[in-house]
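Letter by letter, the chains look like this.
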There are 2 protein chains.
Amino acid sequence: MVMLRQGMQHVRNYYNSEPQMMRSSFSQPFISRTYKTSFLKPKSKAEIKVLAAKKHSEAEKRRRMRINGQYETLRNILPNIIKKDKASVLAETIKQVKELKKKVSKLEQDSSTNPSKDVVKFPSGAEKLRLERCNIEEGLVKATLSCEDRPELMQLISKAVGSANTKLVKAEIVSVGGRTRSVLWVQGLGNDGMGMLKSHLRTALHKPRSFQ
Amino acid sequence: MVMLRQGMQHVRNYYNSEPQMMRSSFSQPFISRTYKTSFLKPKSKAEIKVLAAKKHSEAEKRRRMRINGQYETLRNILPNIIKKDKASVLAETIKQVKELKKKVSKLEQDSSTNPSKDVVKFPSGAEKLRLERCNIEEGLVKATLSCEDRPELMQLISKAVGSANTKLVKAEIVSVGGRTRSVLWVQGLGNDGMGMLKSHLRTALHKPRSFQ
DNA sequence: TACCACACGTGAGTC
DNA sequence: TGACTCACGTGTGGT
């Protein structure tokens, strides 16, 4: 039942552009023009009707071709189409559009909760510390800090996180031009946990450069 | 020239299901059944032809309805469609599919070069170190390492990266159950830089727990 | 054979 | 008025 109608359009064009039923009436104009000026373009009512019909059918043909062309591009765009008939093409299109939409919203959701969008964010010049809840159900808190780059910074940070009795789920660090921007994803904070973590991180940030 | 054809389908259904030209011939069967048994279902050639035509046109109508239903769902799925006619719907569909495809490939590209997809990757039990070029034009190298979690690890790593004369563009660390998985994006490696970086990182990984 | 998908010309509607 | 879009029934070829 699988149908492959690749070139059917061409096969089906068996009608010539001027159907026979119309041809007979086209000899008429020459007769009338023998005694009437061609500027007036005299036409019998039947003649007018036939010409209009011809025009109409030609316009309709153009319309069909326009639509069929778009079916063709759809057939080319969509991957894995077996049945090439119009209904199947439309069905497959609908399916694909839905899938693509779902995929996009999923990917966009990911990139909004993930650090991907922070890739372009470089450390700012100012000393900064910011905490925000980013997933309430999972109790996930995102801490963003920007400060001078120091070798012992990671130790200080991990100690700060540890002392707040939390779990560091994920950390992301960008260091550029002697400055560092860190984003931490922390889990397991109690009600007053955020304030505690913040103060711990603040002391870590402002600790003077160690001896080492 | 903007066309709003929301409910045109309903307006256009002015034909009843049995066109007039067919009705006259439907009175025929009753006459023949007066002297022939209805089991044989006697049909004149004309009768057969008309019935076949009816069947055909009905099938064609079903086909049209199937296709038009799909146009309708497309109209509903696609956002921001002004012109509701078939050709415009198809054109808009093609446009949207192309856009969605581009969007998806872009987002997928992002998530493959970005750490997003590593979110689910937790530190493995085995000691691991792997380097790979992930962007040849930019000379970007991705180093993935998995080892026991130690407080001084980040210092060791940053020293290793620094001694290889490179720039740490980005770092990502996940610590779970006493183990750490780190992913480093390093830039500015020479031809033999990768080997050097690897050996430096290896020694950092296997360094015994410091006094501190 | 019957069924299916299609292109066609046409009548009718909208703008 | 004319340009357009649509649904319709039909003829035809392919399965």
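Chain A is annotated in an unreviewed UniProt entry as Transcription factor bHLH131 of Glycine soja.

Asker: Provide a residue-level description of the pattern of salt bridges, including the pertinent values.
Answerer: Residue and element names in this part refer to chain A. Taken as a whole and judged by the stated rule, the model has eight salt bridges over all chains. The partner of Lys-54 in a salt bridge is Glu-58, and the shortest N-O contact between them spans 3.2 Å. Placement of the pair is Lys-54 and Glu-58 together in helix α4 (residues 45-77), with a separation of four residues, close to one helical turn. Classification of Glu-58 by relative accessible area gives partly exposed; the value is 32%.

Asker: Go over the confidence of the model for chain A with me, naming the residues and quoting the values.
Answerer: Residues and elements named next belong to chain A. When pLDDT is averaged along chain A, the result is 72; 65% of the residues meet or exceed 70. In the predicted structure, residues 1-38 sits below a pLDDT of 50 and forms 26 contacts with residues beyond four places in sequence or in another chain. Counted against residues more than four places away or in other chains, residues 114-120, with its pLDDT under 50, gives 18 contacts.

Asker: Break down the nonpolar core for me, with residues and values.
Answerer: Of all hydrophobic cores here, the largest spans 46 residues; its most connected members are A:Leu184, A:Leu201, B:Leu184 and B:Leu201. The element that contributes the greatest number of residues to this core is helix α6 (residues 153-163) of chain A, accounting for six residues. Excluding residues within four positions of it along the chain, A:Leu201 makes contact with A:Leu129, A:Leu131, A:Ala143, A:Leu145, A:Ile157, A:Ala160 and A:Leu184. Among the nonpolar cores identified, the runner-up in size contains 28 residues, and A:Ile81, A:Val89, A:Leu107 and B:Ile94 belong to it.

Asker: Describe in detail the packing of helix α6 (residues 153-163) of chain B against helix α7 (residues 193-206) of chain B, supporting the description with residues and values.
Answerer: Residue and element names in this part refer to chain B. Contact pair α6 / α7: the axes reach a minimum separation of 9 Å and the direction vectors enclose 160°. As summarised for this structure, α6 and α7 are arranged roughly antiparallel, according to the angle between their axes. For the pair α6 and α7, the crossing hand works out as right-handed. Here α6 contributes Leu-153, Leu-156, Ile-157, Ala-160, Val-161 and Ser-163 to the contact with α7, which in turn contributes Met-196, Leu-197, His-200, Leu-201, Ala-204 and Leu-205. Residue classes in the contact of α6 with α7 are distributed as ten nonpolar, two polar and no charged.

Asker: Can you lay out the relation of the copies chain B and chain A for me, pointing to particular residues and giving the numbers?
Answerer: In the superposition of chain B on chain A (RMSD 0.8 Å, axial shift 0.4 Å), the rotation amounts to 179°. The symmetry that links the two subunits is that of a two-fold axis. Across chain B, the smallest distance between a C-alpha and the rotation axis is recorded for B:Glu172, namely 2.0 Å.

Asker: I'd like a description of the pairing of strand β4 (residues 179-187) of chain A, backed by residues and values.
Answerer: Residue and element names in this part refer to chain A. Among the nine residues in β4, eight count as buried, and that is most of the element. Sheet analysis places strand β2 (residues 140-148) next to β4, joined by nine bridges and oriented antiparallel. When the bridges of β4 are listed, Ser-146 appears paired with Arg-181.

Asker: Got a sec to walk through the interface of chain B and chain A? Specific residues and values, please.
Answerer: Across the boundary between the two partners, chain B contributes 42 residues, which contact 42 residues of chain A. Between chain B and chain A, a total of about 3900 Å² is buried, with carbon and sulfur atoms accounting for 65% of that surface. In this assembly, chain B and chain A are joined by zero salt bridges. Here chain B is connected to chain A by five residue pairs in polar contact (both at pLDDT 80 or more). Those elements giving two or more residues to the side of chain B that touches chain A turn out to be α4 (45-77), α5 (86-113), α6 and β3 (167-176) of chain B. Here the side of chain B that touches chain A is composed, by residue class, of 23 nonpolar, eight polar and eleven charged.

Cut-offs applied
- Each residue is numbered by its place in its chain's sequence as written, counting from 1.
- As they are written, the chains are lettered A onward and the ligands numbered 1 onward, keeping that order.
- Restriction of local features to residues with pLDDT of at least 70 applies here, the model being predicted, together with a cutoff of 80 or more for giving and counting side-chain atom pairs; totals for whole chains, interfaces and linings are based on all residues.
- The basis for every side-chain value is the complete set of heavy atoms in the structure, and neither hydrogens nor water enter the calculation.
- A side-chain nitrogen of Lys or Arg and a carboxyl oxygen of Asp or Glu constitute a salt bridge if their distance falls within 4 Å.
- In DSSP terms, a helix is any run of H or I states spanning at least four residues, a strand is any run of E spanning at least two, and both are numbered starting from the N terminus.
- Buried, partly exposed and exposed residues are distinguished by accessible area as a fraction of the type maximum, computed with a 1.4 Å probe on protein chains only: under 20%, between the cut-offs, and over 50%, respectively.
- The pLDDT score gives, residue by residue, the confidence of the prediction method on a 0 to 100 scale.
- When checking whether two residues touch, look at their non-hydrogen atoms; a contact exists if any pair is within 4.5 Å.
- Only buried residues count toward a nonpolar core, which is a set of Ala, Val, Leu, Ile, Met, Phe, Trp, Tyr and Cys residues joined through side-chain atoms within 4.5 Å.
- To define axes, lines are fitted to C-alpha atoms, for helices over the stretch in contact only, and angles between the resulting N-to-C directions are given on a 0 to 180 degree scale.
- Just so you know how the angles are binned, under 35 degrees is roughly parallel, over 145 roughly antiparallel, 65 to 115 roughly perpendicular, and the rest oblique.
- By convention the crossing between two helices is left-handed if the near helix lies anticlockwise of the far one by an angle smaller than a right angle, and right-handed if it lies clockwise.
- Each residue gets one of three labels, nonpolar for Ala, Val, Leu, Ile, Met, Phe, Trp, Tyr, Cys and Pro, charged for Asp, Glu, Lys and Arg, and polar for the others, Gly among them.
- Superposing copies: least-squares fit, C-alpha atoms only, residues required to have pLDDT of at least 70 in both.
- Think of it this way: DSSP has to see at least two bridges between two strands before they count as a pair.
- What counts as buried area is the accessible surface, traced by a 1.4 Å probe, that two parts surrender upon association, with contributions from both included.
- Within 3.5 Å is the distance limit for a polar contact, defined as a pair of N or O atoms, with the added protein rule that one can donate a hydrogen and the other accept it, and that residues adjacent in sequence qualify only through two side-chain atoms.

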